[in-house]
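Here are the chains, one letter per residue:
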Amino acid sequence: MPETAEVRADSQFEFITFSAGGQSFCLEITQIREIRRWTPVTALPHTPRDVLGVMNLRGAVIPIFDLAARFGLGATPANERNVVIVAAVGGTTIGLLVESVSEILSVEKTAIQETPDIKSESTRHSILGMISVDETMVRVVNLDSVLEAGKGVAP
């Protein structure tokens, strides 16, 4: 369950759903600053494979992560149909390359299920919870884990 869930008094949450690596994920809407079309980034030497480089966002240089690659789902082929979700975590702004943004999802706190214990510490750290939508399970992304993957990248 999202960490912000424990400090909020209401029981309704809004998420933006998106696709990365052919899978469904979401972020709480309060973490998202904007959604931009993909544009080429400036690569930096010696960065992890899932760090595509940096982008100038109105004078601020932000790291851009390939979310599918970060989660072991293969690299996202960069093309003009992809989008970058600009999000904030712990005072740091980052960009996430994803295939597409789908919808805004409003759910009750009780609809957010715990991530199953599959004996994978990285999965438990990367995914805060699961939301069942129609026939699909949407994963709630832990932005802290994405940021930790890029330690050493100048935000």
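Conventions and cut-offs
Residues numbered from 1 in each chain as written. Predicted model: local features only at pLDDT ≥ 70, side-chain atom pairs only at ≥ 80, totals over all residues. Heavy atoms only, no water. Salt bridge = Lys/Arg side-chain N within 4 Å of Asp/Glu carboxyl O. Buried < 20%, exposed > 50% of the residue type's maximum accessible area, 1.4 Å probe, protein only. Helix = DSSP H or I, 4+ residues; strand = E, 2+ residues; numbered from the N terminus. Polar contact = N/O pair within 3.5 Å; in protein donor to acceptor, adjacent residues only side chain to side chain. pLDDT = per-residue confidence, 0-100. Contact = heavy atoms within 4.5 Å. Core = buried A, V, L, I, M, F, W, Y, C linked by side-chain atoms within 4.5 Å. Pairing = 2+ DSSP bridges. Axes fitted to C-alpha atoms, helices over the stretch in contact; angles between N-to-C directions.

> Teacher, can you tell me more about the pattern of salt bridges here?
When their charged atoms lie close together, side chains carrying opposite charge are able to pair. Under the counting rule described, the total for this entry stands at 2 salt bridges. The shortest N-O distance in the salt bridge between Arg36 and Glu34 comes to 3.4 Å. Residue classification places Arg36 among the partly exposed residues on the basis of a relative accessible area of 25%. If you follow the salt bridges from partner to partner, you end up with Glu34, Arg36 and Arg58 in one network.

> Would you take a moment to explain the side chain of Thr115 for this structure?
Topologically, Thr115 is positioned in the loop between strand E9 (112-113) and helix H2 (121-126). Of the polar contacts made by the side chain of Thr115, one reaches the backbone oxygen of Ile127; its length is 2.9 Å. Separated by 3.3 Å, the side chain of Thr115 and the backbone nitrogen of Gly129 make a polar contact.

> For this particular structure, what's the right way to read unusual backbone geometry?
Most peptide bonds take the trans form, and the phi angle of most residues other than glycine is negative. Even without a glycine there, the phi angle at Arg58 is positive, about 50°. With a phi close to 55°, Asp134 is a non-glycine residue in the positive phi region. With respect to the element layout, Asp134 can be found in the loop between strand E10 (127-133) and strand E11 (136-141). Relative accessible area serves as the criterion here: at 76%, Asp134 is assigned to the exposed category.

> What is the right way to read the confidence of the model for the protein from this model?
Do not read the predicted coordinates in detail wherever pLDDT is low. Residues with a pLDDT of 70 or more make up 85% of the protein, whose mean pLDDT is 85. In this model residues 2-9 is a low-confidence stretch, pLDDT under 50, and it forms 12 contacts with partners more than four residues away in sequence or in other chains.

> Help me understand the environment of Thr42 in this model?
As for its placement among the helices and strands, Thr42 is situated in the loop between strand E3 (32-37) and strand E4 (51-57). Here the alpha-carbon distance between Thr42 and Asn56, two residues 14 residues apart in the chain, equals 9.0 Å.

> What am I meant to see in the nonpolar core here?
When a protein is soluble and globular, its nonpolar side chains tend to lie buried together. Within the largest apolar cluster, 23 residues are counted, with the highest numbers of intra-cluster contacts made by Phe18, Leu27, Leu67, Leu96, Val98, Val141 and Val146. The biggest single contributor to this core is strand E6 (residues 83-89), with 4 residues. When residues no more than four places from it in sequence are discounted, the contact partners of Phe18 are Gln23, Ser24, Phe25, Cys26, Leu27, Leu67, Ile85, Val98, Ser100, Val101, Ser102 and Val141. If you look at the next biggest cluster of nonpolar residues, it comprises 11 residues, including Ile112, Ile131, Val133 and Val138.

> Mind showing me how you'd approach the sheet that holds strand E7 (residues 92-98) here?
Whether parallel or antiparallel, the strands of a sheet pair through hydrogen bonds between backbone atoms. Spatially, E3-E6-E7-E5-E4 is the arrangement adopted by the 5 strands of the open sheet, whose pairing is mixed. The strands lining the two open edges of the sheet, one partner per strand, are E3 and E4. Strand-to-strand twist across the sheet, computed as the mean angle between neighbouring axes with direction ignored, equals 30°. By the bridge criterion, 5 bridges tie E3 to E6 in an arrangement that is antiparallel. Of the residues in E6, the one forming a bridge with Ile35 is Ile85.

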